[in-house]
Structure formats: structure tokens, C-alpha cells
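Chain by chain, the residues run as shown.
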Amino acid sequence: MTDLSTTYLGLSLRSPLVASASPHNRDLDHARRLEAAGAAAIVMPSLFEEEVIHEETSLTHALEAGSEHFAEALDYFPDLGDYPSARDRYVASVDGLKNAVDIPVIASLNATHPGSWVSYAHLLADAGADAVELNLYHVSADPLRPAAEVEESDLETVAEVAGALSVPVAVKLSPYYSSFANFGLRAVEAGAAGLVLFNRFYQPDLDLEELAPAARISLSQPWELRLPLRWIAILHPHLAGRASLAATSGIWSGADAVKALLVGADVAMMTSALLHHGADHVAAVEAELAAWLEARGYASVAEARGSVSYATTDDPGAFERANYISTLRSWTTPPDLAPSSPAS
């Protein structure tokens, strides 16, 4: 039987299948179902600094309403410490999950101010999180801010948080850095114990009735795995033994997990597939993964990992520009759409 165990961020996992950030992952019953189905670790949905600030600002505004007209209203102000904030509820969720399951729990954080990253990360680690995932999700929309400045700011955040915590720090990245391979290596040099590739940037749609941006979500599809496959294959030779690599976006099946492992990923993370099929889908993916490895004689996940990476493949150019050319030439017109021959 193939040994499915792996190591991610220094954590020993029973398999490479991880339930990545999902709105359901804070629910204790759901977490238990994930563990029972075979999930090796759980990543919590992100704690967003904006939510904390908005909630606290709204509460303060509501409590102060009318106080300028009725001085005695000040005597009725409740102690704000009695009201759990979004931050407090998130910390309680970390503690609750740690008590509910035996697999590692990874907290996720998305802050906006330099000091907030460190202070919030401390809270999550102190609550018992086995690791903290920094979700570097921001849109660089300022045309006057150069790419180098954006990258340096992100690297400073990684260095500050990683240097302040005793638990490992993973960094969930977007693919939009101007020299992604270089940035990934620099993030590890700054202290990241692992890189998660990639963050899905949700684009706004337009509501034609309201004439306003509309938030609409769509689940990932297996074809979206191609982007992380490329970059994990490129980074694996440089980071093997130095930092973990996690593939996320488009992993729906055991075959998808196999692809992630072959290019060098330590874990394959799933969200959309679990939202669509439910927690029990982990067991089906694991069975397919194990069957594929056993059928091809792999004794362990470690043996398969990186066997088709940039350094080991016979055609490394397939991960670069050559892929573009060969992909374009691979198109064949379906018979029913082929132009008919002109009449003679």
C-alpha cells in the first residue's frame, strides 16, 4: 500500500489532501466530517481586518447615537468589552476547532496595515493555530505606485509576521507579481515556511439593472489548476527542502491531486470541490489518488513528488514559452464546424 503521508510547513500530515479556506471550515460539525473523510488539515477562512474595523466602527456609532442630545445617555453605555468582535469570534473559532479535531488547524489572515498583520497573527497563534496563512489579497490599483514598492511592502509583511511568530507561516500568493519566481524565492528568504499557489482574484461583474458592480462567485474548475502546476514545477527545484509548496484552485479529483504532486507540491488543497460535493468527497479523492500511485508502482507520495518538475522533465520548455506555441498548434476544428469543401 502506498504511503500517503507528507509534511507541510513542518507539520506531519496523513495525506496531501487539505481542506483549504472555506466559509464552512469554521463549523465544528463540518470540520469533524472533513477529518472523518480523511482531510489531513483544515485551513480556516480569512480574518479580514476591514471586517473587524467596520464592525467596531458601526457599533461605536450606534451606541453614540443621540448622546449629543441626551447627556444621561452616556450613563447607559455598555462596556464594549462585553461585545465579542469579529476578531474575538475568530479567535474563539480557532480554539473551538482545535478542541474538535485532531488534525492541524491553519488560521488565515488578511490585514491592511503593517502593525495589524503582526498583532492579529499573534492572536491566532496564541489561540492554538498550528500555522498561520497570510492571505496577500490586494489589488494594486494605484498607477503611481511602482511594482518594486508593492513587492517590498509585501515582503516586509512576511518578514515581520514570520519573525514574530513561533508557528510556521505560509503565504498565499497571487500570480500577478511581475517576476513571480523571484518573488516566491524572496518570500521564503523573508521567512515564509511555505507558499500557497494561487489566490483566486474574484472579478466584479456588473448589474445592468442597478448599474453598479456586483459580487458574484463561481467555483473553480479543473482547468484552473494549470497555472499553479506551471509555477510549482518551476519553483520546486529551488525550494525543495527549504519551503513547502501547496497547490490550490482547480483540484477536484484524485487525478488533479496527482498532477500537483508530480510537479512538486507537498499538499493539494480543495475548496470548490468540497462546496459542490460535500466533506465526504475527500475520501473519494484519496481513494483515486492512492489507486493511481499504486497502479504505477509508487511506494510513497514522497517518491512521486517532483518527478515531472522543471528540473526532471525531458522538456522543461513545456513549462515556459514552448507551452504557448504547442498549445496553440494543438487545436483541431471539430468535424461539425469544419468548412465544407467548395463545389467543383
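What counts, and where the lines are drawn
One numbering rule holds for all chains: residues counted from 1, following each sequence as written. Totals for whole chains, interfaces and linings use every residue, but because this is a predicted model, local features are given only for residues with pLDDT of at least 70 and side-chain atom pairs only at 80 or more, for both listing and counting. With hydrogens and water excluded, all non-hydrogen atoms of the structure serve as input to the side-chain values. Each helix is a run of H or I in the DSSP string that is no shorter than four residues. Each strand is a run of E no shorter than two, and both are numbered from the N terminus. Partly exposed describes any residue whose relative accessible area lies between the buried limit of under 20% and the exposed limit of over 50%, with all areas from a 1.4 Å probe on protein chains only and scaled to the type maximum. Here a residue-residue contact requires only that any non-hydrogen atoms of the pair lie within 4.5 Å. Think of a salt bridge as a Lys or Arg side-chain nitrogen and an Asp or Glu carboxyl oxygen that are within 4 Å of each other. Strands were regarded as paired on the criterion that DSSP finds at least two bridges between them. What counts as an axis is a line fitted to C-alpha atoms, over the stretch in contact for a helix, and the angles between N-to-C directions run from 0 to 180 degrees. Take the buried Ala, Val, Leu, Ile, Met, Phe, Trp, Tyr and Cys residues and link them wherever side-chain atoms come within 4.5 Å; each set so joined is a nonpolar core. Expected helix span is taken as 1.5 Å per residue step, with the number of steps being one fewer than the number of residues. Pairs were defined over the aromatic rings of Phe, Tyr and Trp, the Trp ring being its six-membered one, requiring ring centres within 6.5 Å. Orientation was assigned from the angle between planes: stacked under 30 degrees, edge-to-face over 60, tilted for the rest. Handedness rule for crossovers: strands pointing away from the viewer, path from the first strand over the helix to the second running clockwise, crossover right-handed.

Q: Describe the environment of Q203, with residues and values.
A: By secondary structure assignment, the location of Q203 is in the loop between β8 (194–197) and β9 (205–207). Classification of Q203 as exposed rests on a relative accessible area of 53%.

Q: Break down the environment of A304 for me, citing the residues and quoting the values.
A: Structurally, A304 is set in helix α11 (residues 301–304). Judged by its relative accessible area of 1%, A304 is buried. Apart from residues no more than four positions distant in its own chain, A304 is found in contact with L261, L262, L293 and Y298.

Q: Requested: an account of the pattern of salt bridges, with residues and values cited.
A: By the definition in use, this model includes 10 salt bridges. Note that K98 is salt-bridged to D130, the shortest N-O span being 2.8 Å. Pair noted here: K98 is in helix α3 (residues 86–100) and D130 is in the loop between α4 (114–126) and β6 (131–135), with a separation of 32 residues, a long-range link. Assessed through its relative accessible area of 27%, K98 is described here as partly exposed. R305 is paired through a salt bridge with D266; the nearest N and O atoms lie 3.4 Å apart. Remark: D266 occurs in the loop between α8 (254–263) and β12 (267–270) and R305 occurs in the loop between α11 and α12 (321–329); sequence separation between them is 39 residues. Because the salt bridges share partners, they merge into one network encompassing E151, E152 and R186.

Q: Explain the sheet that holds β12 residue by residue, including any values.
A: In space, the eight strands of this closed barrel follow the order β3-β4-β5-β6-β7-β8-β11-β12, with parallel pairing throughout. Strand-to-strand twist across the sheet, computed as the mean angle between neighbouring axes with direction ignored, equals 30°. Alignment of β6 against strand β7 (residues 169–173), held across four bridges, turns out to be parallel. What sits directly across from N135, in β7, is K172. Where α3 meets the sheet, its contacts fall on β4 (41–48) and β5 (105–110), and the angle it forms with β4 comes to roughly 175°. Helix-sheet contacts for helix α10 (residues 281–295) involve β3 (17–19) and β12, and the interaxial angle to β3 is about 160°.

Q: With reference to specific residues and values, describe the nonpolar core.
A: Core analysis: the biggest nonpolar cluster contains 76 residues, and L34, L109, L165, L173, L195, L197 and V282 have the highest contact counts within it. Not counting chain neighbours up to four residues away, the residues in contact with L197 comprise L173, F180, P228, W231, I232, L235, A246, A247 and T248. Core analysis: the next-biggest nonpolar cluster, separate from the first, contains 15 residues, L9, L11, V43 and A131 among them.

Q: Which residues make up α3, and what values go with them?
A: Here α3 contains 15 residues, and its C-alpha end-to-end distance of 21 Å stays within 8% of the 21 Å for a straight helix at 1.5 Å per residue. Among the residues of α3, those classed as buried are A86, Y90, S93, V94, G96, L97 and A100.

Q: Describe the packing of aromatic side chains, listing the residues and the values that go with them.
A: When we look at a pair of aromatic rings, we describe it by the centre distance and by the angle of the planes. Using the criterion set out here, one finds four aromatic pairs in the structure. Judged by centre distance (5.3 Å) and plane angle (65°), the ring pair of F180 and W231 falls under edge-to-face. Here F180 is found in helix α6 (residues 180–189), whereas its partner W231 is found in helix α7 (residues 226–239), with 51 residues between them in sequence. Ring centres of W292 and Y298 lie 6.0 Å apart, and the angle between their planes is 15°; on these two criteria the pair is classed as stacked.

Q: Can you lay out the environment of L155 for me, pointing to particular residues and giving the numbers?
A: Checked against the element boundaries, L155 lands in helix α5 (residues 147–164). Overall, L155 belongs to the buried group, its relative accessible area being 8%. Residues L155 and G191 lie 36 residues apart in sequence; the distance between their C-alpha atoms is 9.2 Å. Leaving out residues up to four positions away in the same chain, L155 has contacts with F183, R186, A187 and A190.

Q: Tell me what's going on with the pairing of β7, and back it up with residues and numbers.
A: β7 sits mainly inside the fold: five of its five residues count as buried. Neither face of β7 is exposed, since V169, V171 and L173 on one face and A170 and K172 on the opposite face are all buried. In this fold, the crossover linking β6 to β7 by way of α5 has right-handed handedness. Crossover connection from β7 via α6 to parallel β8: handedness right-handed.

Read these as geometric descriptors, not functional statements.
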